[in-house]
Amino acid sequence: MASHFSLSAVSLITLLFLTATPLPDAAFSITIGVTYSASTVATYPTPPLPERVASTVTSLGLAALRLDVSDPNLVRTFLYSNTTLLLTIPNALVPPLAANRTNTLRWLYSLLGFN
């Protein structure tokens, strides 16, 4: 138990040192985001409207949103919102999308409503 504690203490001290040490001339940014899970939303009696989700993400100042199900209605509400979306590709679509860039663009444009 003592060795576990000392390892955690060393890790914590190292983490604090690295975060407190400024990097010279380094340009970096930290993006904070969340995952919007369709399985969690399905447990609500009335799921929130996509517009409500978009306004909540914006009002919380979150820069990124991961969608575990790429719902076209939800994706379209984030157009021109300056929010980064991480879209999940269904497993069955990975081989055809990886094999052909045109298929990938078609899938993406169908989500955005530009078919």
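Peer 1: An account of the side chain of Ser-70 is needed here, citing residue identities and associated values.
Peer 2: Tracing the backbone shows Ser-70 in the loop between β2 (64–67) and α4 (72–77). Assessed through its relative accessible area of 14%, Ser-70 is described here as buried. In contact with Ser-70, not counting residues within four places along its chain, are Leu-87, Thr-88, Trp-107 and Leu-111.

Peer 1: Could you give an account of a nonpolar patch on the surface, with specific residues and numbers?
Peer 2: A contiguous nonpolar patch, built from Tyr-80, Leu-105, Leu-108, Tyr-109 and Phe-114 and spanning about 560 Å² of accessible area, is present on the exposed surface. Of note, Phe-114 is situated in the segment after α6 (101–112).

Peer 1: I'd like to hear about the confidence of the model for the chain, residue by residue, with values.
Peer 2: Overall, the prediction assigns the chain a mean pLDDT of 81, with 75% of residues at 70 or greater. The least confident element of the chain is helix α1 (residues 2–20), whose mean pLDDT is 53; the most confident is helix α5 (residues 94–99), at 94. Segment residues 1–7: pLDDT under 50, and 0 contacts once partners within four positions in sequence are set aside and those in other chains are kept.

Peer 1: Can you break down the sheet that holds strand β1 (residues 33–36) residue by residue, with the values?
Peer 2: Either a parallel or an antiparallel arrangement is found when strands of a sheet pair, and the pairing is made through backbone hydrogen bonds. Reading across the sheet, the 3 strands line up as β1-β2-β3 and stay open at both edges, with parallel pairing between neighbours. This sheet does not close on itself; its edge strands, each paired only once, are β1 and β3 (84–87). Direction aside, neighbouring strands of the sheet carry axes that sit 20 degrees apart on average. Where β2 lies against β3, 4 bridges are found, and the strand directions are parallel.

Peer 1: Describe the environment of Pro-50, and please don't skip the residues or the numbers.
Peer 2: By the element assignment, Pro-50 lies in helix α3 (residues 50–59). Distance from Pro-50 to Asn-73, taken between C-alpha atoms, is 6.8 Å for residues 23 residues apart in sequence. The residues contacting Pro-50, other than those within four sequence positions of it, are Asn-73, Leu-74 and Thr-77.

Peer 1: Give a description of the pairing of β2 that names residues and reports values.
Peer 2: Alignment of β1 against β2, held across 4 bridges, turns out to be parallel. Paired with Tyr-36 across the bridge in β2 is Leu-67. Between the parallel elements β2 and β3, the chain passes through α4 in a crossover that is right-handed.

Procedures and definitions
- Residues numbered from 1 in each chain as written.
- Predicted model: local features only at pLDDT ≥ 70, side-chain atom pairs only at ≥ 80, totals over all residues.
- Heavy atoms only, no water.
- Helix = DSSP H or I, 4+ residues; strand = E, 2+ residues; numbered from the N terminus.
- Buried < 20%, exposed > 50% of the residue type's maximum accessible area, 1.4 Å probe, protein only.
- Contact = heavy atoms within 4.5 Å.
- Patch = residues over 30% accessible without salt bridge, like charges linked within 9 Å, V, L, I, M, F, W, Y side chains within 5 Å.
- Areas by Shrake-Rupley, 256 points an atom, 1.4 Å probe, with all protein chains shown as cover.
- Salt bridge = Lys/Arg side-chain N within 4 Å of Asp/Glu carboxyl O.
- pLDDT = per-residue confidence, 0-100.
- Pairing = 2+ DSSP bridges.
- Axes fitted to C-alpha atoms, helices over the stretch in contact; angles between N-to-C directions.
- Right-handed = clockwise from strand over helix to strand, strands pointing away.

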